[in-house]
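Residue strings, one per chain:
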Amino acid sequence: MSDQKNTVSMTDNRTGKTWEFPVIEGSTGPDVIDIRRLYAETGMFTYDPGFTSTGSCESSITYIDGEKGVLRHRGYDIADLAEHSDFMEVSYLLLYGDLPTPPQKAKFESDITHHSMVHEQLHDFYTGFRRDSHPMAVMVGVIGALSSFYHDSTDITDPRHRLIASYRMIAKVPTIAAWAYKYSIGQPFIYPKNNLSYAENFLQMMYAVPCEEYMVNPVLARAMDRILILHADHEQNASTSTVRLAGSSGANPFACIASGIASLWGPAHGGANEAVLKMLNEIGHKDNIPEYLAKAKDKDDPFRLMGFGHRVYKNYDPRATVMQKTCHEVLDELGIANEPLLDLAMELERIALEDPYFVEKKLFPNVDFYSGIIFKAMNIPVSMYTVLFALARTVGWVAQWNEMIEDPTQKIGRPRQLFIGEVQREFIPLHKRVSKNRELAPE
Ligand code: CMC
């Protein structure tokens, strides 16, 4: 492709034919080549598995410069938001585009607080799950089930309906998440309390029991709030793109968020925080680090160093920088010193950051590396780590979903493919078929 002013030209070397495509500039970040007419004009598609070079939408919510390690929401640096703001403010910012004034903030917090109870019948969904279900399985199911409860907010063409659905999602997800935990340990569900902040409320629904007064530890509440801020949105990652793709067909908003939760669950995405802890347990001792680093570098070994690497960040993950600081604060406040697993994590980080393989491939610790460690220090059960990510990311999904619905250029998401299968075959009757012995039969 050769560059001209505001266009890019493409030549097919087989035929010598040339086409021009417009280049669109955003407010910052890389320009994009507008290839919407590519197929109509050339009869060809682009091929980009994993979307490594594809911009799927216009967005004004979150900006990432992966080379410089920059993350901004609506123009504000993540470090500033984590330091000076709180999760409700950041949620407002993501949804509305600006930080709230004091009355706006008070109203927003009150509105979210007054949507935090769930329909009483939703209890029954939990009892359908095995007690040993992974809480993310419960989250996918119960958040999806919300789509069968709130019929008064599902007209996605009505901005007010969208707003109510959005508030409901943000408000109810801590209740649903905490109850997933309570169900797994056989304790009664604890209802939200309207005098508590968002993070405090989640902690009390997780840890309170009806027979005792529960006092939220302010250090843990502040750390939780900061963790929520750091996970609130992250541009067009796998789960957000899933929400947008699901929503692009006009699907029910609660069902769209459930699809995002399903995508987040995987260990390459939000499931990494849980995988970090499992990996640290598997490594077991500092002496074993070289062996596991060798495994991570071995192309024939599927083992990866969980909590390291990122598709976009080729510099330090800015969330990890804040998270590392929060991690040390929490450890200090809780008086945790010489915890073997945490020592192991710090040593792993130190050695990996000096290892030529990780240095050359720019594989730095990501947000999940530290969140796993903080959650461990906060005594949060390992199976809840990814649930906490989902809780925090709900506002990001909701903001991105709203932005997509409001965008007049957005169509149903429908990628194409490079077909490599059989072109056309004649049907063979059952009795004449010869086995190719390639089926994987279950045991
Ligand atoms: N350990 C060992 N090698 C790695 C790792 C790792 N954690 N991550 C990437 N690599 C290597 C990979 O083998 C490849 O090597 P080569 O070029 O020789 O083939 C190279 O680095 C590039 O990796 P990639 O898989 O092509 O990169 P990607 O952008 O497709 O994957 C990733 C990004 C985050 C999925 C990957 O780095 C990974 O699996 N990391 C571990 C899981 C993890 O921590 N995920 C959380 C991401 S941050 C929070 C979130 O988004 O949810």
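So, here's what we can say about the structure.

## Considerations on empty space enclosed by the protein
In the structure shown here, the tally under the stated rule is one cavity of 30 Å³ or more. For the largest cavity, the calculated volume is near 40 Å³. Lining the largest cavity, in full, are Gly309, His310, Tyr313, Asn315, Tyr316, Asp317, Lys362, Leu363, Phe364, Pro365 and Asn366. When the residues that make up the lining of the largest cavity are grouped by side-chain class, the tally is five nonpolar, four polar and two charged.

## Re the sheet that holds strand 5 (residues 62–65)
Here three strands make up an open sheet; going across it, the order is 5-6-7 and the pairing antiparallel. Unpaired on one side and paired on the other, strand 5 and strand 7 (76–77) mark the two borders of the sheet. Relative to strand 7, strand 6 (residues 70–73) runs antiparallel, the two being bridged by two bridges. Paired with arginine 72 across the two strands is aspartate 77, which belongs to strand 7.

## With respect to the side chain of threonine 326
Mapped onto the secondary structure, threonine 326 falls in helix 14 (residues 318–333). Judged by its relative accessible area of 2%, threonine 326 falls in the buried class. For threonine 326, the contacting residues outside a window of four places in its chain are Ala223, Arg226 and Ile374.

## Re helix 18 (residues 385–406)
For helix 18, built from 22 residues, the straight-helix expectation of 32 Å at 1.5 Å per residue is met to within 8% by its first-to-last C-alpha distance of 32 Å. Approximately 40° is the largest bend angle found in helix 18, and it occurs at arginine 393. The buried fraction of helix 18 amounts to 20 of the 22 residues, a majority that puts the element mostly inside the structure.

## A short note on a nonpolar patch on the surface
On the surface, a nonpolar cluster with roughly 420 Å² of combined accessible area is contributed by Tyr47, Leu418 and Ile420. Within the fold, tyrosine 47 resides in the loop between helix 1 (38–42) and strand 5. Take tyrosine 47: its relative accessible area is 61%, and that puts it in the exposed class.

## Brief notes about the pattern of salt bridges
This structure, assessed with the given rule, holds 24 salt bridges. For arginine 244, the salt bridge is made with glutamate 403, and the minimal N-O distance between the two is 2.7 Å. Within this pair, whereas arginine 244 is found in helix 10 (residues 238–247), its partner glutamate 403 is found in helix 18, the two being separated by 159 residues in sequence. On the accessibility criterion, glutamate 403 (15% relative accessible area) is buried. The closest approach of N and O atoms between aspartate 355 and lysine 297, which form a salt bridge, is 2.9 Å. Taken together, the positions of aspartate 355 in the loop between helix 15 (340–354) and helix 16 (356–360) and lysine 297 in helix 13 (residues 289–297) put the pair 58 residues apart, joining distant regions of the chain. The class for aspartate 355 is buried, based on a relative accessible area of 10%. Note on lysine 297: relative accessible area 32%, which makes it partly exposed. Overlapping salt bridges bring together Glu83, Arg226, Lys325 and Glu329 as one network.

## With respect to the packing of helix 9 (residues 218–231) against helix 14
Where helix 9 contacts helix 14, the axes come no closer than 11 Å and their chain directions differ by 170°. One way to sum up the angle between helix 9 and helix 14 is to call them roughly antiparallel. In this structure, helix 9 contributes Val219, Ala223, Arg226, Ile227, Leu230 and His231 to the contact, and helix 14 contributes Arg319, Val322, Met323, Thr326, Glu329, Val330 and Glu333. Per-class residue counts for the contact of helix 9 with helix 14 are seven nonpolar, two polar and four charged.

## As for the site of the ligand
Not every one of the 21 residues close to the ligand is listed here, only the nearest: His269, Leu305, Gly307, Arg311 and Lys361. One of the side-chain nitrogen or oxygen atoms of histidine 269 is found 2.6 Å away from an oxygen atom of the ligand. Take glycine 270: an N or O atom from its main chain is 3.4 Å from an oxygen atom of the ligand. When isolated, the ligand has an accessible area of 930 Å², and the protein chains bury 75% of it.

## Focus on the pairing of strand 3 (residues 17–24)
As paired elements, strand 2 (residues 7–12) and strand 3 share six bridges and run antiparallel to each other. Across the sheet, the residue bridging to aspartate 12 is lysine 17, located in strand 3. In this structure, the hairpin formed by strand 2 and strand 3 is closed by a connection of four residues, where glycine 16 is found at a positive phi of approximately 80°. Strand direction decides the pairing type here: strand 3 and strand 4 (residues 32–33), joined by two bridges, are antiparallel. In the strand pairing of strand 4, isoleucine 24 is matched with valine 32.

## What about the pairing of strand 5?
The two faces of the sheet receive side chains in turn, since in a regular strand these alternate between them. Residues Thr62 and Ile64 of strand 5 are buried on one face, and the alternating residues Tyr63 and Asp65, pointing to the opposite face, are buried as well. Across four bridges, the pairing between strand 5 and strand 6 is antiparallel. Across the sheet, threonine 62 pairs through a bridge with histidine 73, a residue of strand 6. The hairpin turn running from strand 5 into strand 6, its antiparallel successor, is four residues long, and glycine 69 in that turn takes a positive phi close to 70°.

What counts as what
Residues numbered from 1 in each chain as written. Predicted model: local features only at pLDDT ≥ 70, side-chain atom pairs only at ≥ 80, totals over all residues. Heavy atoms only, no water. 1 Å grid on protein atoms, 1.4 Å probe; cavity = no way out; pocket = protein on both sides within 12 Å on 5 of 7 lines; lining within 4 Å. Points joined across faces, edges and corners; volume = space filled by probe spheres on them. Nonpolar A, V, L, I, M, F, W, Y, C, P; charged D, E, K, R; others polar. Pairing = 2+ DSSP bridges. Helix = DSSP H or I, 4+ residues; strand = E, 2+ residues; numbered from the N terminus. Buried < 20%, exposed > 50% of the residue type's maximum accessible area, 1.4 Å probe, protein only. Contact = heavy atoms within 4.5 Å. Expected span 1.5 Å × (residues − 1). Bend = angle between axes of the 7 residues up to and from the residue. Patch = residues over 30% accessible without salt bridge, like charges linked within 9 Å, V, L, I, M, F, W, Y side chains within 5 Å. Areas by Shrake-Rupley, 256 points an atom, 1.4 Å probe, with all protein chains shown as cover. Salt bridge = Lys/Arg side-chain N within 4 Å of Asp/Glu carboxyl O. Axes fitted to C-alpha atoms, helices over the stretch in contact; angles between N-to-C directions. Parallel < 35°, antiparallel > 145°, perpendicular 65-115°, else oblique. Near = heavy atom within 4 Å. Polar contact = N/O pair within 3.5 Å; in protein donor to acceptor, adjacent residues only side chain to side chain.

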